[in-house]
Amino acid sequence: MTGPDLFASFRRAEMLVARSRPLDALQALAPVLDSQPDDASVQLLAGRAYLNSAQLQRAEEAFVRVLDLDPADHYARFALGKALQRQGRLQEAHAQLKMAAVMDPRPEYQEALGEVRARMALTDD
């Protein structure tokens, strides 16, 4: 696949994720992932598609890879926290969500952090 073809596949995958078609997005993204496995934006998009299709372990792996490539990516930390939360790994999720909220105090990060804290409080009783 050539550069323009890879770019078109990436854009198609973005559009499919936006339209809540994560499995189709992953199919479109497959050649890009094969060709560009160390590209943070490619891994981030794959992580989003995995998360949206409930492939939580794969999502976790993709977001961890993004953070290996760019530790300052607050969205990857947020998404990793959500993947961990959905796996019931609340302590790990809390750490990632807290870091994301400190890096960028967006309302959705704060809300996710509050959700995990509330679930943790319920399990402590």
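As recorded by an unreviewed UniProt entry, the protein carries the name Tetratricopeptide repeat protein and is attributed to Pseudonocardia petroleophila.

A. Expanded view of the overall build of the protein. Scanning the protein for helices and strands turns up seven helices and zero strands. When the elements of the protein are put in sequence order from the N terminus, they spell out α-α-α-α-α-α-α. At 15 Å, the protein has a C-alpha radius of gyration in line with the 14 Å of a compact globule built from 125 residues. Projected onto its principal axes, the C-alpha coordinates of the protein cover approximately 55 × 25 × 20 Å. Counted over contacts in the protein with a minimum sequence separation of 6, partners at least 24 positions apart contribute 47%. As presented, the protein carries roughly 6,900 Å² of accessible surface, and 51% of it is formed by carbon and sulfur atoms.

B. Structural detail: the nonpolar core. In this structure, Leu29, Tyr50 and Phe63 are the most contacted members of the largest nonpolar core, which totals 40 residues. When residues of this core are traced back to their parent elements, those giving at least two are α1 (3–18), α2 (22–35), α3 (40–52), α4 (56–69), α5 (74–86), α6 (90–103) and α7 (107–124).

C. Region of the structure containing the pattern of salt bridges. Counting across every chain of the model gives seven salt bridges. With its nearest N and O atoms 2.4 Å apart, the salt bridge here joins arginine 65 to aspartate 38. Of this pair, arginine 65 sits in helix α4 while aspartate 38 is found in the loop between α2 and α3, placing the two residues 27 residues apart along the sequence. Residue arginine 65 is classed as partly exposed on the basis of its relative accessible area of 26%. The exposed category is assigned to aspartate 38, whose relative accessible area is 53%. As a salt-bridge pair, arginine 89 and glutamate 92 come within 2.8 Å of each other at their nearest N and O atoms. Judged by relative accessible area, which is 24%, arginine 89 ranks as partly exposed. A cluster of three or more residues bridged by salt bridges with shared partners is formed by Glu60, Arg89 and Glu92.

D. Fine view of the UniProt feature "repeat: TPR" (unreviewed entry) in the protein. According to UniProt, the positions carrying the feature "repeat: TPR" (unreviewed entry) are residues 40–73. In residues 40–73, the share of helix is 79% and the share of strand is 0%. The end C-alpha atoms are 9 Å apart.

E. Representation of the domain arrangement of the protein. Split into domains, the protein comes out as domain 1 (1–70) and domain 2 (72–124). The C-alpha-based centres of domain 1 and domain 2 are spaced at 22 Å. Each partner contributes to the interface: domain 1 provides 13 residues, whereas domain 2 provides 14 residues. Between domain 1 and domain 2, the buried area comes to about 1,100 Å², and carbon and sulfur atoms account for 65% of it. When the area that domain 1 buries against domain 2 is broken down by residue, the three leading residues are Leu56, Glu60 and Leu67, summing to 43%. Across the contact surface, domain 1 and domain 2 share one salt bridge.

F. View of unusual backbone geometry. Positioned with a positive phi, serine 20 is a non-glycine residue whose angle comes to about 60 degrees. When you line up the elements, serine 20 lands in the loop between α1 and α2. Phi is positive for alanine 54, which is not a glycine, with a value near 60 degrees. Relative to the elements of secondary structure, alanine 54 occurs in the loop between α3 and α4. Note on alanine 54: relative accessible area 48%, which makes it partly exposed.

Definitions and limits used
Residues numbered from 1 in each chain as written. Predicted model: local features only at pLDDT ≥ 70, side-chain atom pairs only at ≥ 80, totals over all residues. Heavy atoms only, no water. Helix = DSSP H or I, 4+ residues; strand = E, 2+ residues; numbered from the N terminus. Rg over C-alpha atoms; globule rule 2.2 N^0.38 Å. Contact = heavy atoms within 4.5 Å. Areas by Shrake-Rupley, 256 points an atom, 1.4 Å probe, with all protein chains shown as cover. Core = buried A, V, L, I, M, F, W, Y, C linked by side-chain atoms within 4.5 Å. Buried < 20%, exposed > 50% of the residue type's maximum accessible area, 1.4 Å probe, protein only. Salt bridge = Lys/Arg side-chain N within 4 Å of Asp/Glu carboxyl O. UniProt positions renumbered as here; feature names shortened; annotations may be inferred. Domains from an automatic or database assignment. Buried area = accessible area lost by both parts, 1.4 Å probe.

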